[in-house]
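A look at the structure
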Amino acid sequence: MPQPCVLRSTPQAVSRTVSRLEEELGRVAGAPIELERPSNAEHGDYATNAALQLAPERRRSPREIAEELAEQASGLAVVERAEVAGPGFVNLWLAPAFYGEALAEILAAGSDYGAGSAATPERIQVELVSANPTGPVTVASARNAAYGDAVARLLEFAGHEVEREYYFNDVNRQVELFRASVEAARRGEEPPPDGYQGDYIAELARTEGDPVAPMLDGIRETLERFRVHFDSWVREEELAGEVEAAIGQLDTYEAEGTVWARTSAYGDDKDRPLIRSADGSYLYYASDVAYVRNKFERGFERLIYVLGADHHGYVARLKAAAAMLGYDPERLEVLLYQLVHVVEGGQQRKVSKRRGDVVFLDELVDEIGVDAARWYLVNRGPDQGIEIDVDLARERTEKNPVYYVQYAHARISGILRNAPDSPGDSLLQSPEELAPEEKDLIKRLAEFPGVVAEAAERRGPQGLPNYAVRVADDFHRFYHHHRVLGSETEAFRLALVRATQTVIARALDLVGVEAPERM
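Quick look at the structure, then. (Residues numbered from 1 in each chain as written. Predicted model: local features only at pLDDT ≥ 70, side-chain atom pairs only at ≥ 80, totals over all residues. Heavy atoms only, no water.)

1. A closer look at the pattern of salt bridges
Evaluation of the coordinates by the stated rule reveals 44 salt bridges. Linking aspartate 45 and lysine 443 is a salt bridge whose minimum nitrogen-to-oxygen distance equals 3.2 Å. Separated by 398 residues along the polypeptide, aspartate 45 in the loop between strand S2 (37–38) and strand S3 (46–48) and lysine 443 in helix H15 (residues 436–446) bring together distant segments of the chain. Each member of the pair, aspartate 45 together with lysine 443, is buried. For arginine 293, the salt bridge goes to glutamate 297, with nearest N and O atoms at 3.4 Å. (Salt bridge = Lys/Arg side-chain N within 4 Å of Asp/Glu carboxyl O. Helix = DSSP H or I, 4+ residues; strand = E, 2+ residues; numbered from the N terminus. Buried < 20%, exposed > 50% of the residue type's maximum accessible area, 1.4 Å probe, protein only.)

2. Comments concerning empty space enclosed by the protein
This structure, assessed with the given rule, holds one cavity of 30 Å³ or more. Roughly 40 Å³ of internal volume is contained in the largest cavity. Along the walls of the largest cavity sit 10 residues, with Ala131, Gly135, Pro136, Val137 and Ser141 positioned nearest its centre. Residues of the lining of the largest cavity, tallied by class, amount to five nonpolar, four polar and one charged. (1 Å grid on protein atoms, 1.4 Å probe; cavity = no way out; pocket = protein on both sides within 12 Å on 5 of 7 lines; lining within 4 Å. Points joined across faces, edges and corners; volume = space filled by probe spheres on them. Nonpolar A, V, L, I, M, F, W, Y, C, P; charged D, E, K, R; others polar.)

3. Some words on the environment of phenylalanine 168
Considering the arrangement of structural elements, one finds phenylalanine 168 in strand S7 (residues 161–168). With relative accessibility at 4%, the residue phenylalanine 168 sits in the buried group. The spatial distance from the C-alpha of phenylalanine 168 to the C-alpha of serine 130 is 5.3 Å, given a sequence separation of 38 residues. The contact partners of phenylalanine 168, leaving out residues within four places of it in the chain, are Ala131, Pro133, Leu216, Trp233, Val234, Arg235 and Glu236. (Contact = heavy atoms within 4.5 Å.)

4. Details of helix H2 (residues 50–58)
Listed as buried for H2 are Ala50, Ala51, Leu54 and Ala55. Along the axis of H2, the buried positions cluster into a sector of 135°, meaning they face one direction only. Pointing more than 90 degrees away from the buried face of H2 are the exposed residues Gln53, Pro56 and Glu57. Its buried side turned inward, H2 meets S3 and helix H3 (62–74). Just beyond H2, the residue with positive phi is arginine 59, at close to 55°. (Arc of directions from axis to C-beta.)

5. Thoughts on the packing of aromatic side chains
Using the criterion set out here, one finds 15 aromatic pairs in the structure. Here the aromatic rings of tyrosine 166 and tryptophan 233 are separated by 4.5 Å at their centres, their planes lie at 20°, and the arrangement is stacked. Within this pair, whereas tyrosine 166 is found in strand S7, its partner tryptophan 233 is found in strand S8 (residues 232–235), the two being separated by 67 residues in sequence. The buried category is assigned to tyrosine 166, whose relative accessible area is 0%. According to the relative accessible area criterion, tryptophan 233 is partly exposed, its value standing at 22%. Ring pairing ties together the aromatic residues Tyr166, Phe168, Phe230 and Trp233, which thus form one cluster. (Phe/Tyr/Trp six-rings, centres within 6.5 Å; stacked < 30°, edge-to-face > 60°.)

6. Observations regarding the sheet that holds strand S9 (residues 252–255)
Reading across the sheet, the three strands line up as S9-S10-S11 and stay open at both edges, with antiparallel pairing between neighbours. At either margin of the open sheet sits one strand with a lone partner, and together these are S9 and strand S11 (272–276). Strand-to-strand twist of the sheet, defined as the mean angle between neighbouring strand axes without regard to direction, takes the value 35°. (Pairing = 2+ DSSP bridges. Axes fitted to C-alpha atoms, helices over the stretch in contact; angles between N-to-C directions.)

7. Topic: helix H14 (residues 401–417)
Between its first and last C-alpha atoms H14 spans 25 Å; for 17 residues at 1.5 Å apiece the expected length is 24 Å, and the two agree. Taking burial as the measure, the 17 residues of H14 include 13 buried ones, the bulk of the element. (Expected span 1.5 Å × (residues − 1).)

8. A word on the environment of leucine 445
One can find leucine 445 in helix H15. Take leucine 445: its relative accessible area is 0%, and that puts it in the buried class. In sequence terms leucine 445 and arginine 470 are 25 residues apart; their C-alpha atoms lie 9.9 Å from each other.

9. Considerations on the pairing of strand S16 (residues 386–389)
On S16, burial follows the alternation: Ile386 and Ile388 on one face are buried, whereas Glu387 and Asp389 on the facing-out side are not. Pairing geometry for strand S14 (residues 340–344) and S16, over four bridges, is parallel. Its bridge partner lying in S16, valine 340 is registered against isoleucine 386.

10. A closer look at unusual backbone geometry
Within the chain, serine 130 stands out as a residue other than glycine whose phi angle is a positive 50°. Looking at the element boundaries, serine 130 is found in the loop between strand S6 (123–127) and helix H5 (139–158). Although it is not a glycine, glutamate 256 sits at a positive phi angle of roughly 55°. Note on placement: glutamate 256 falls in the loop between S9 and strand S10 (258–261).

11. Some remarks on the sheet that holds S3
Across the sheet, which stays open at both edges, the three strands sit in the order S3-S5-S4 with antiparallel pairing between neighbours. The strands lining the two open edges of the sheet, one partner per strand, are S3 and strand S4 (79–85). Between one strand and the next, the sheet's axes are offset by a mean angle of 25°, whatever the strand orientation. Here six bridges tie S4 to strand S5 (residues 89–94), and the two strands are oriented antiparallel to one another. Paired with alanine 85 across the bridge in S5 is phenylalanine 89. With respect to the sheet, H3 is in contact with S3, S4 and S5, its orientation differing from that of S4 by roughly 175°.

Below, the structure is given as C-alpha cells:
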C-alpha cells in the first residue's frame, strides 16, 4: 500500500475531539500520538507515523510497533478499524460516534469555537496604518489596515487583550508641504515643489483653518467604514515632553556635531542620530524612542507595529530602542507587508499621493465593496505583493472567492429558515453510517481551532480566507450530493449545516468580512 500523504500544518490543527482521540491512543501506545489527515481518503480518516518515531527508542521495527498500535486502536469505541501501511504508518477509520462528538463540540461552543488558544494571554498594542495626515487613505495604507486589524482580531480571539492605535506625525516636512499646498490652492496658485495636488486639495482649500484636522476626520471616517476601529490616536507633538527623559535612558555618545544612540551595540546595523549638538533639536529617532517608552509605560506587554516593507530598516532600530530602555526586545514585533497594485481592464493604476492620481481606499470600496476589499487585502501572505483585479472583485459569481464563501453561508441560512425547530443539540444522534461528504465536511470543521491558533501565532491571517474556501468547497459538495430537509437523517444534517455556518461566519469575521444571510 502506498505511503499516505498527510495534510497538517501544526500539532495544534485539531479540535478537542481529535485531541481526545490522540490522548486515548497515546495511553494505549505508551507514547504521545499525533494524528494527521491523509490527503487520500483510501488511507483512512486519520493517520499516525508514531511507530516510525518510536522504533529507534524501542529498538524494534516500525512495522511491528505499528501492528501493535493498530490492534490497540481497534479496541477503542470511536475506531471502526485500523490498518498498517507502508513501513509503519497506522491508518484509522473512525466510527460515526466520533463525528457526532466532533459536531456536538462545535455546536456547544458556538461562535467561540476555536477561541482561547493563547497559552499566556497578554496585553498587546497593535499600531497600524499611522499614515501622515496629508491625504485620504490609499490602497497601500488599506493593506496595512486590513492586515493589522485581522491580526488584532485573531489575537483577541486567542484570548489576548488588544488595543489598536493610530500614530501620526503632525510636525514633519511632509505635513508642512501639505499645509502649504492647501494654502497655495486657496490663493489660486500652483503647489510648492514636491507639494500635493488633486481633488482633495481643492476641496480642503474651500474650507478655513488648518487642513490637518479635517483630513484626520476623513481618515477616521474612511477607516470606520472599512471596519477598522481605533481605540487611541496619538500625535507626535503630544510626545514632545517625553523625549528628553527617554533619551536619558539610552547608551549615547557625541560625534560630528550630533548626539548618537549606540544602537549598533544592540543589534542595529549602524548607530542612529538623536540630537543636533548645535541647537539641541531632536532628530526623528528621538521620537521613535520616546514612543516605544510611552507604549511600554502604558502597561502593554507586547508591541506590534504594522509597516510597509520599505520600512524594513525600522525593525532593528526599534528593537534596539526597547533594549536600551530596559525592555525585552522580543516583546516588540514589526510586521512588514508588500505593495498593492490595483488592476482594472487589464491595466494597472498608478499610485502617487502628491500628483493626485492615487487610488484611494474610498474609491476602491465604492467599486468593489468593503467585503471584497478586505478579503483581497489579506488573502495572501504579507511577504507577497497583492494585485487586486477590480473586474473579478466586482463579480457575483463562483469565480470570486469572497462571493463563493459568502454564498455558502447564505445558502445555509436559507436551509435553516425553512427547517423545523431544532430538538436541541443534546439530542443529536449520529446515523449508523455517514456519507464521505459528511465525514469530509466534519473533518474540515475540526481543523478550525488549529487554523486560527496558527494564524494568531504566526500573525498570518491569510490562512483564514484559504481555509474558508475549502470549507465552502466541502459544503457545496455535500449539498449537491445530499438532501438536508426531509432526509432520513435530517436532524444530524441540520446540525452539520449549523456548525458549518458557525465556522464560516467566524472565519469571515476574523478578516473583517460579513457573513450575509441572503444574497
